[in-house]
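What the coordinates show
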Amino acid sequence: MWYVIEGYDGEDVLARRLAARPDHVARLTALRDTGRLLLAGPCPTIDAEDPGPAGFTGSLIVAEFESLEAAREWADADPYVAAGVYTRVDVRPFRKVLP
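Residues numbered from 1 in each chain as written. Predicted model: local features only at pLDDT ≥ 70, side-chain atom pairs only at ≥ 80, totals over all residues. Heavy atoms only, no water.

Formally: UniProt positions are given in the numbering used here, feature names are shortened, and annotations may be inferred rather than shown by experiment.
Looking at an unreviewed UniProt entry, the protein chain carries the name BolA family transcriptional regulator, with the source organism given as Lysobacter daejeonensis GH1-9. Among the UniProt annotations of the protein chain, the heading Sequence similarities (unreviewed entry) holds the following wording: "Belongs to the YciI family."

Below, the structure written as structure tokens:
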């Protein structure tokens, strides 16, 4: 089943986000390479493709896992969690309809 994982950034965490990004992206790449990633990306703080020093409010991931528990375990192990980038992570089931 698909699951939505939403991570919410804390205040002034852009430097921590950038430092943890390679490990974060490596985990997403592994999901993609096994056909389990529908989409992933950050949410800019401002209305811009590259928000620069304004940073991000968080990230959205939609990926396939065998259970809600497995999705939560994967999310809890995210490098952004370990680095203190995310102050909160929500995980919930998702039913893809379109496209």
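1. Description of the environment of Asp-33
Stated precisely, the cut-off is as follows: For helices the rule is a DSSP run of H or I covering at least 4 residues; for strands it is a run of E covering at least 2, with both sets numbered from the N terminus onward.
Positionally, Asp-33 belongs in helix H1 (residues 14-33). Remark: the alpha-carbon pair of Asp-33 and Val-81, spanning 48 residues in sequence, is separated by 23 Å.

2. Concerning the pairing of strand E3 (residues 56-64)
Here is the rule: Two strands are said to pair when DSSP picks up at least two bridges between them.
Judged from the seven bridges that link them, strand E1 (residues 2-9) and E3 form a sheet pairing that is antiparallel. Across the sheet, residue Glu-6 finds its bridge partner in E3, namely Leu-60. Here seven bridges tie strand E2 (residues 37-44) to E3, and the two strands are oriented antiparallel to one another. Along E3, the bridge assignment pairs Pro-42 with Ser-59.

3. Here's the deal with the UniProt feature "domain: YCII-related" (unreviewed entry) in the protein chain
The feature "domain: YCII-related" (unreviewed entry), as given by UniProt, occupies residues 1-95 in the numbering adopted here. Helix makes up 35% of residues 1-95 and strand 36%, and the two end C-alpha atoms of the span are 8 Å apart.

4. Looking at the sheet that holds strand E4 (residues 86-94)
Formally: Axis lines are fitted through C-alpha atoms, for helices just across the contact stretch, and the angle between N-to-C directions can take any value from 0 to 180 degrees. We call two residues contacting when some pair of their heavy atoms lies within 4.5 Å.
Spatially, E2-E3-E1-E4 is the arrangement adopted by the four strands of the open sheet, whose pairing is antiparallel. At either end of the open sheet lies a strand with only one pairing partner, and these are E2 and E4. The mean angle between the axes of side-by-side strands here comes to 10°, regardless of whether they run parallel or antiparallel. Strand contacts of H1: E1, E2, E3 and E4, with the helix running at about 10° to E3, the strand carrying the most contacts.

5. Considering helix H2 (residues 68-76)
Operational definition: Burial here depends on accessible area, computed with a 1.4 Å probe over protein chains only, as a share of the maximum for the residue type. Under 20% is buried, over 50% is exposed, and the range in between is partly exposed. It is the directions from the helix axis to the C-beta atoms that the arc portrays.
Of all the residues in H2, the buried ones are Ala-70, Ala-71, Trp-74 and Ala-75. Seen along its axis, H2 keeps its buried residues to an arc of 135°; they face one direction. Of the exposed residues in H2, the ones pointing more than 90 degrees away from its buried face are Glu-69 and Asp-76. Looking at the buried residues of H2, the elements they touch are E1, H1, E3, helix H3 (79-82) and E4.

6. Remarks on the packing of aromatic side chains
For clarity, the threshold we go by: Only Phe, Tyr and Trp rings are paired, with Trp represented by its six-membered ring, and only when their centres lie within 6.5 Å; those with planes under 30 degrees apart are stacked, over 60 edge-to-face, the remainder tilted.
On inspection of all chains with the given rule, the structure shows three aromatic pairs. Judged by centre distance (5.4 Å) and plane angle (90°), the ring pair of Tyr-80 and Tyr-86 falls under edge-to-face. Judged by relative accessible area, Tyr-80 falls into the buried class, the value being 2%. On the basis of relative accessibility, which here comes to 11%, the residue Tyr-86 falls in the buried class. Counting every residue linked through ring pairs, the aromatic cluster contains Tyr-3, Phe-65 and Trp-74.

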